[in-house]
Structures are given as C-alpha cells and as structure tokens.
Amino acid sequence: MIDLWNVLFDPDNSFLRLALYVGTLASLPFGIIGTYVVTRRISYLAGAIAHCVFGGIGAGLYIQIKLGITWFNPMYGAIAAALFAAVIIGLISLYAQQREDTVIGALWAIGMAAGILFIDITPGYFDITSYLFGDILLISQSDLYMVIGLDIVTALISILFFNKLFAVCFDEEFARLRGINADAFYILLLCLTSITVVLLVRMVGIIMVIALLTIPPAIAGIFAGKLWQMMAISSILCAVFTWSGLAVSYQFNLSSGPTIIMIAGIAYLLILLVIKLKNICK
Amino acid sequence: MAQNNIDVQLKDVFFFYNGVPILEDVNLEIKSGAFAAIVGPNGGGKTTLLKLLLGLLKPDKGKILILGKSPEKSRLRVGYMAQYAHLDLQFPVTVKDVVLMGRLGRNRLGWYSRDDIHAAESSLAEVQLANYASHRFSELSGGQRQRVLIARALCCDPELLLLDEPTANVDPQMGETLMKILQTLNNRMTILLVSHDIGFVSQVVKSVICVNRQVLVHPTSSLNGMVIKEIYGGDFCMVRHDHSCSMKNHYHD
C-alpha cells in the first residue's frame, strides 16, 4: 500500500494520478445516475446507449481523420451519439406499444456495427480494445474538465428536481397525475445517463459499462432506506471500487477496467451470499 | 362542497382499443358529494373508465368533464389511489415520502414546504398510520400499503377521490376499516371507487355504476339479483347484507 502511495506521487506516473482524480470525481455522477437507472429499471436502455456510443466514436474518428477536421475529437462523436441514442431510445420506450425490447436490442447492435464500419472506412490502424474494455492511459486532462462539468450538472439537476425525478422513477402514473411532465423527465434522465455512460466508457469500456453503473447502486439498495442514501452509498462504493481496481491493476500489471469490474462484481456476489446465509441461519 | 354541482360528466363517450369497442355510448353524471362504486366483470371496461376520468386515456368520441373542466385541467383537484401492486417494493422509500408525492405539482421544482409535511402527517393520521411515517414502504402489510396510497391521494387535498380496487389484497376486516374511513371522507369529497366485489361495497356506497361495455347507474337500494345477473351475465352467489341473524334466536354449539 505504501508502495502504491509512493508510486502515485512519482512524477512519472501522472497518468495514474489523473485516472484516480477522474475516477473519484466521476463516482458522484455514477452513483446518482446509477441509482436512477437501477430504481427505474432501465439498465437495458443504458446498455443500448453504451453500444451506440461506439458508433459515435467510429464516426468521430472518420470525421477527424478522413474528413480532416482535426479539432473533432472522437469523444465529441461519442457524446453526440449518446445523446441521440438516448432521445431515440426514450421515444421508442415511451411510444412503442410492443416489442420495445426487440427494437432496443436492434439499436444496440446497429450502434456497434456502425462503429466498426466507420473504422473500416477510416484510413490507419486503431486499437479498438481500449474503447471496448477501457484504458486509463486514454484518460486525458480534458476528461478531467468533462468530469467536473458532469459533476456540477448531475448534482444540480438531481438536487433541484429531486422530488420530481423520484416520483417519475417510483410511480410514473401518479407523477403524471400531479401535473409532472413525466415524459420530459424520463428523456432528461436518459440524456444524463448517456453522458455518464460516455465517461464510464473511458474508464471501463463499452462492454462493462453497465456493471459499474448498476453494481454500486444494487449493493447500496440493500442497505439504504431512502433514495438519497442509496445515491450517497453507491457513489462511495463506486470510488472504492475504482481506487482498489486501479491499485490492484497497477500492482499486478493487469488491465484496469476489467480489474475494477471484477472487484465490484465479486463484492456484490459476496454480499448477496452473506445475506442469503444469514437468512438461512436465522 | 356545493351540492347539486356535477363533478363528473360523460357525454356520448366511446373508447376503442385496436378497433374493439371497450366502452360504447357512455352517458354518466355524478353529482358532488356522491359515493359510488364502479362494478362489472373483468374486461368490462372498469379500468378504462377510470383512466378516462383521470385523463390518462382519451375518448375516441364524446366529451368528458371533471369538475367542470377537461380531465387534464382538473388533475390537481382529483386524488387517485392506485393499487400498490404496480409499485416496486425494492424501491428505497419511506411511507412519508410516498404520501408527500400527493403535494407534487404545487410548485415548479417540486420542493416540499412545512405545510406539505404537515399535510402528509395529517393524511397519515386520517388512515390511522401516523406512527408509520418513517417506516420503509416495503415493510408494511398489504392493507397498510393500500392505506398509505389512500393517504397519498388525500394529501392532494382533492375534491374528487378516485380509487382503484381499494379492497383488493386486503383481508375482510381491514376492508371494513377502509370503508369506514372512506365513509368519513365522503363528508367532504365525492368518492368513486372501482371494485369487483359488489357485495362488499353495496353496504356503504350510495349508488352503483355498472360497466360492461355500456354503463348503467343504479341506486344501491334497487340492487337485486336480476340487475346483478344483467351486469355479470351469468349465475352468481349473492350475499344479502340487509338481513342478519340476531344473536338471541341464533345458537352456536
């Protein structure tokens, strides 16, 4: 542990420090938005948005390299694709009478396919594994600013509209009857989810996004009696998983994203097991 | 509550689902102060009628007025109790927070004032659950949860109270308590409740609205076998409530 401490403050390891800062700051929106995703039961939608992000990254690379618009960071493409997917998926789940899951499953795959096709027609070689599984080396100074921005936006929206968002997640029909524009809040929630997912993609990659978005709130939900407590606990858990994941991955020279997910997943399953055993022993 | 005002008015209302008529040519007027039950067989259109009154569904033809305005415009003056079965019991929420939802829509951001919290507490007291305010919603029994949802509807301070199957999932004794609470509430608001349990509600409500694609209104006093058979379209068991054995000339071993 002391070793890691020294490593952390070694000037050569600024990337590790940056990853730690971003991971810590990002835990707040992950905890808040993750709680909404879990309680509103839209993790499947979050998964579809995450995979559409890949289409945006592919398009971003194409625009940047093939079209020569150098200022266009692929992350802009990712954010645009995420917001676009959030609105489309939101409208489908609101207005599709049936087969909602099939349509969303199709979008999920189309997003992935579009990403690969864009990369095919873009000259040069790209290592897509860093997008799929995350890479802390990819985290840049601009991510830090983006995280701070997202912190402010999610904290502000969820404090300002806490009761309304709570109502829309807990009992949408009743919220509607109290004059709340439930559809608009639902789309807003999906847009916030989509920006959060883009950030998560940087850390743990597209494929494992849902795990880090849903595992901390799932654990928190076991202990929390109120929604805000669930948010607070899952933010803390998210930070703890990120820190320990980064530490373990550095120590044993492992990929950081999968290590974070593995620690979170095992913690969740162990807690479920302990609860089950406790109930049996009673 | 002004007497002789018409709280609910439906004129020539039709509702179709995928081309199939669910409600046909419904004409209905419910006066202020009424206490009525909407009864009928499953699939007869009870829930559809309720959702039309709430403005969650729109009629394909005809006109609906609630408290003199369109259902959407009157929403904040109507209290609605849904069945708790559609709620996620794993949701981390306290009883008080559920009841407070009734005060939403009163200000732009949806923050609760001191008055709102008082209103929630007194609504909980009205359904005899004052001591449960800080309990988790999922810890309560079915009957208690149903009463919390009634408290939430009361917290809206409604002029018209709509209830969807308030006695479903509730044991008979609790059902009677619920009905007594509703009878008291009827002194200050119009109440309409959906029930499949005609025997149970006919003791307390003043009139019965029968829904089976068409809608007919009967005063409770005229309920008899023929009418009920007409509604449900078949044989049934009927329990008479107007006749009870006195304890004196009735022996138990």
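Everything below is about the structure shown above.
A short tour of the structure in this document, coming up.

Procedures and definitions
Residues numbered from 1 in each chain as written. Chains lettered and ligands numbered in written order. Predicted model: local features only at pLDDT ≥ 70, side-chain atom pairs only at ≥ 80, totals over all residues. Heavy atoms only, no water. Pairing = 2+ DSSP bridges. Helix = DSSP H or I, 4+ residues; strand = E, 2+ residues; numbered from the N terminus. Axes fitted to C-alpha atoms, helices over the stretch in contact; angles between N-to-C directions. Contact = heavy atoms within 4.5 Å. Left-handed = near helix turned anticlockwise from the far one by under 90°. Nonpolar A, V, L, I, M, F, W, Y, C, P; charged D, E, K, R; others polar. Buried area = accessible area lost by both parts, 1.4 Å probe. Salt bridge = Lys/Arg side-chain N within 4 Å of Asp/Glu carboxyl O. Polar contact = N/O pair within 3.5 Å; in protein donor to acceptor, adjacent residues only side chain to side chain. Core = buried A, V, L, I, M, F, W, Y, C linked by side-chain atoms within 4.5 Å. Buried < 20%, exposed > 50% of the residue type's maximum accessible area, 1.4 Å probe, protein only.

Quick look at the sheet that holds strand β6 (residues 160–164) of chain B now. Residues and elements named next belong to chain B. Taken together, the six strands give an open sheet; going across it, the order is β5-β6-β7-β3-β8-β9, and neighbouring strands pair in mixed fashion. The open sheet has two edge strands, β5 (78–81) and β9 (214–219), and neither has a second partner. For this sheet, the mean angle separating the axes of adjacent strands, direction not counted, is 15 degrees. Here β6 pairs with strand β7 (residues 190–194) via five bridges, running parallel. If you follow L160 over to β7, its bridge partner there is T190. Lying on the sheet, helix α5 (residues 142–155) is in contact with β5 and β6; it crosses β5 at an angle near 170 degrees. Sitting on the sheet, helix α6 (residues 172–185) is in contact with β3 (35–39), β6 and β7, with an inclination near 150 degrees to β7.

This part covers the packing of helix α2 (residues 14–39) of chain A against helix α12 (residues 227–251) of chain A. All names here are of chain A. Remark: α2 packs on α12, axes separated minimally by 7 Å, with the N-to-C direction vectors making an angle of 145 degrees. The way α2 lies across α12 gives a crossing that is right-handed. Considering only residue class, the contact of α2 with α12 consists of 16 nonpolar, nine polar and no charged.

Right, let's get into the interface of chain A and chain B. Across the contact, 25 residues belong to chain A and 32 residues belong to chain B. Both sides of the chain A and chain B interface together cover about 2700 Å² of buried area, and 62% of this is carbon and sulfur. The tally of links from chain A across to chain B stands at four salt bridges. With its nearest N and O atoms 3.7 Å apart, the salt bridge here joins D97(B) to K226(A). Applying the counting rule to chain A against chain B returns eleven residue pairs in polar contact (both at pLDDT 80 or more). Where the side of chain A that touches chain B is concerned, the elements lending two or more residues are α7 (141–160), α8 (162–170), α9 (172–177) and α12 of chain A. Ranked by residue count, the leading element in the side of chain A that touches chain B is α8(A), at six residues. Split by residue class, the side of chain A that touches chain B holds 13 nonpolar, five polar and seven charged.

Core analysis: the largest hydrophobic core is formed by 133 residues, its most contacted members being F170(A), F137(B), L161(B) and L182(B). Among the elements that line this core, the one with the most residues is helix α10 (residues 182–204) of chain A, at 15 residues. In this view, L161(B) contacts G79(B), A153(B), L154(B), L182(B), L185(B), M189(B), T190(B), I191(B) and L192(B); residues no more than four positions away in its chain are not counted. Counting residues in hydrophobic clusters, the runner-up holds 31 residues, among them I22(B), I30(B), L49(B) and I66(B).

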